Amino acid sequence: MAAFPDVSKIPFEGPDSRNPLAFRYYDANEVVVGKTMRDHLRFSVVYWHTFRGTGADPFGPGTMQRPWDDGSESVENAQNRARVAFEFFEKLGAPYYAFHDRDVAPEGRSLSESNANLDAVAKVLKEEQQRSGVKLLWGTANLFSNPRYMHGAATSCNADAFAYGAAQVKKAMEVTHELGGEGYTFWGGREGYQCLWNTDMQREQEHLAKFLHMAVDYAKEIGFTGQFYIEPKPKEPTKHQYDSDAAACLNFLRQYDLLPHLKLNLETNHATLAGHTMHHEMEVAGAAGALGSIDANTGDLLLGWDTDQFPTDIYLTTQCMLAVLKYGGFTTGGVNFDAKVRRESFEPIDLFYAHIGGMDAFARGLKIAAAMIADGRLAGMVQDRYASWDEGLGAAIEAGQHDFKSLEKLMLDRGEITPNASGRQELFENVVNQYV
Ligand code: XLS
Ligand code: NI
Ligand code: NI
């Protein structure tokens with residue numbers, strides 16, 4: 001029996017459509033700069049928010065109506081939920097999904113029981129993938145909900161928690177591999193600290209690096225060639241997460257020889273919690289050759305926590321897609337909606353509205369970014385700002401033909417420089433608005 005009997009495959013109807021169950025901008029087959037929108041955007045639905053989110057918050061219980069879910073922690077319920085999830089992915093036209101081990105299958109009373117539960121659900125996931133053609137963007141393990149991880153997993157003061165986490169990731173990697181996952185993500189969970197008086201930060205970070213190296217080694221052993229990602233986030237649940245932002249992650253990966261093995265999975269709400277824009281985070285990652293994938297969502301301007309709302313802001317999606325195009329497009333990554341409907345949006349149909357809106361916003365962002373690049377005006381204006389580096393002194397400095405002494409001599413002769421090249425921020429912003 002269908003879980004969404006009143007919804008058929010979401011069609012593309014164009015910008016004038018008033019049908020709330022249609023795309024206005026996302027036309028999967030439309031070619032934009034040499035690739036279909038489907039292949040540029042590689043949309044992915046997350047299992048945790050969309051199929052496990054209850055709407056509970058610190059002030060009250062869940063509100064979501066999910067008639068297909070009997071609320072039990074049984075394997076049958078999990079298997080049935082998996083079939084519903086694929087009905088949703090298919091009707092939406094999302095080519096990918098992503099999950100944590102514990103989203104898809106219930107945790108058992110022992111590790112072996114949990115592993116067996118996961119296998120039983122993975123079997124259904126595999127069948128559904130084969131039937132529908134929907135693929136796994138990445139898998140991950142939940143190393144933060146169970147009380148055993150109260151101090152973190154890889155960075156726990158308790159070595160047993162590290163060991164349990166390792167066992168759990170080993171299994172999650174095997175299942176991801178079995179399902180043909182194109183990536184595997186590490187988000188910090190509780191890997192951080194609440195209080196420095198009780199924390200050996202250096203030791204914890206070394207343990208995290210050791211843990212990631214074990215994952216890299218195990219991937220080789222089982223022939224998993226998917227991309228590893230690390231997902232920056234500055235706080236929540238801990239006061240300070242070790243993978244706090246893109247720059248911190250890159251530094252950590254470099255320090256511990258992990259940069260060849262991991263790319264970044266960037267999330268908008270995490271960027272803003274870190275005091276950055278998503279555009280900033282994407283540039284930091286892109287410039288280091290480590291832009292892997294994005295968790296597409298947004299925070300709320302007036303709320304200071306990780307609200308994980310669906311992205312609808314066209315400037316945001318334009319900036320995201322501009323950075324994606326600039327750095328060569330996604331390879332294993334995609335636009336993964338790590339986003340949840342609001343607690344008050346409790347009906348199943350809201351899941352469709354939310355994803356349709358996010359997909360349309362990204363489709364527009366893609367087309368706007370492509371138009372900006374094709375026109376070349378913005379890039380030309382940026383190039384003009386740096387014109388002094390293209391010839392004469394600037395070119396000579398870049399070519400390594402100068403040092404402090406030669407530059408001092410030059411400036412002693414000249415005495416002063418003349419300002420040139422206004423920042424023209426306002427003009428830049430006006431030009432951007434011509435495309436948006
Ligand atoms: C939480 C993270 C999480 C990761 C996957 O804030 O965004 O959902 O994406 O563990
Ligand atoms: Ni995320
Ligand atoms: Ni988040």
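Use the structure listed above.
From a predicted model like this one, the values you see are computed outputs, not experimental measurements. (Residues numbered from 1 in each chain as written. Chains lettered and ligands numbered in written order. Predicted model: local features only at pLDDT ≥ 70, side-chain atom pairs only at ≥ 80, totals over all residues. Heavy atoms only, no water.)

Colleague: Is there a simple way to explain the coordination of the nickel ion (ligand 3) in this structure?
Modeller: When a metal carries six donors in an octahedron, the ideal angles between them are 90 or 180 degrees, while four donors in a tetrahedron ideally lie at 109.5 degrees. Within the protein, Glu-267 (OE), His-270 (NE2), Asp-306 (OD), Asp-306 (OD) and Asp-308 (OD) serve as the donor atoms for the nickel ion (ligand 3), at 1.9 to 2.8 Å. Here the nickel ion (ligand 3) and the nickel ion (ligand 2) are spaced 4.7 Å apart, linked through Glu-267, which binds each one. Here His-270, found in helix α9 (residues 268-273), pairs with Asp-308, found in the loop between β11 (291-295) and α11 (314-326); they are 38 residues apart in sequence, far enough to count as distant. By relative accessible area, which is 4% here, His-270 ends up buried. Using a relative accessible area of 6% as the deciding quantity, one classes Asp-308 as buried. (Donors = N, O, S within 2.8 Å, 3.2 Å for Na, K, Ca; no water. Helix = DSSP H or I, 4+ residues; strand = E, 2+ residues; numbered from the N terminus. Buried < 20%, exposed > 50% of the residue type's maximum accessible area, 1.4 Å probe, protein only.)

Colleague: Help me understand the coordination of the nickel ion (ligand 2), please; the structure alone is not making it clear to me.
Modeller: Taken together, the protein ligands of the nickel ion (ligand 2) are Glu-231 (OE), Glu-267 (OE), Asp-295 (OD) and Asp-338 (OD), with distances of 2.0 to 2.1 Å. For the nickel ion (ligand 2), the six donor atoms are set out with angles of 78 to 177° between them, so the coordination reads as octahedral. When the donor residues of the nickel ion (ligand 2) are listed from N- to C-terminus, their spacing reads E-x35-E-x27-D-x42-D. (Tetrahedral: all angles 85-135°; square planar, octahedral: opposite > 155°, others 65-115°.)

Colleague: How should the pattern of salt bridges be read in this particular structure?
Modeller: Oppositely charged side chains may form a pair once their charged atoms are brought near each other. Counted under the stated rule, the structure contains 18 salt bridges. Among the salt bridges present, the one from Arg-52 reaches Glu-73, with a minimum N-O distance of 3.6 Å. With Arg-52 in helix α2 (residues 47-52) and Glu-73 in the loop between α2 and α3 (75-92), the pair connects residues that are 21 residues apart, well separated along the chain. Classification of Glu-73 by relative accessible area gives exposed; the value is 55%. As a salt-bridge pair, Glu-283 and Lys-326 come within 3.0 Å of each other at their nearest N and O atoms. Of this pair, Glu-283 sits in helix α10 (residues 278-287) while Lys-326 sits in helix α11, placing them 43 residues apart in sequence. (Salt bridge = Lys/Arg side-chain N within 4 Å of Asp/Glu carboxyl O.)

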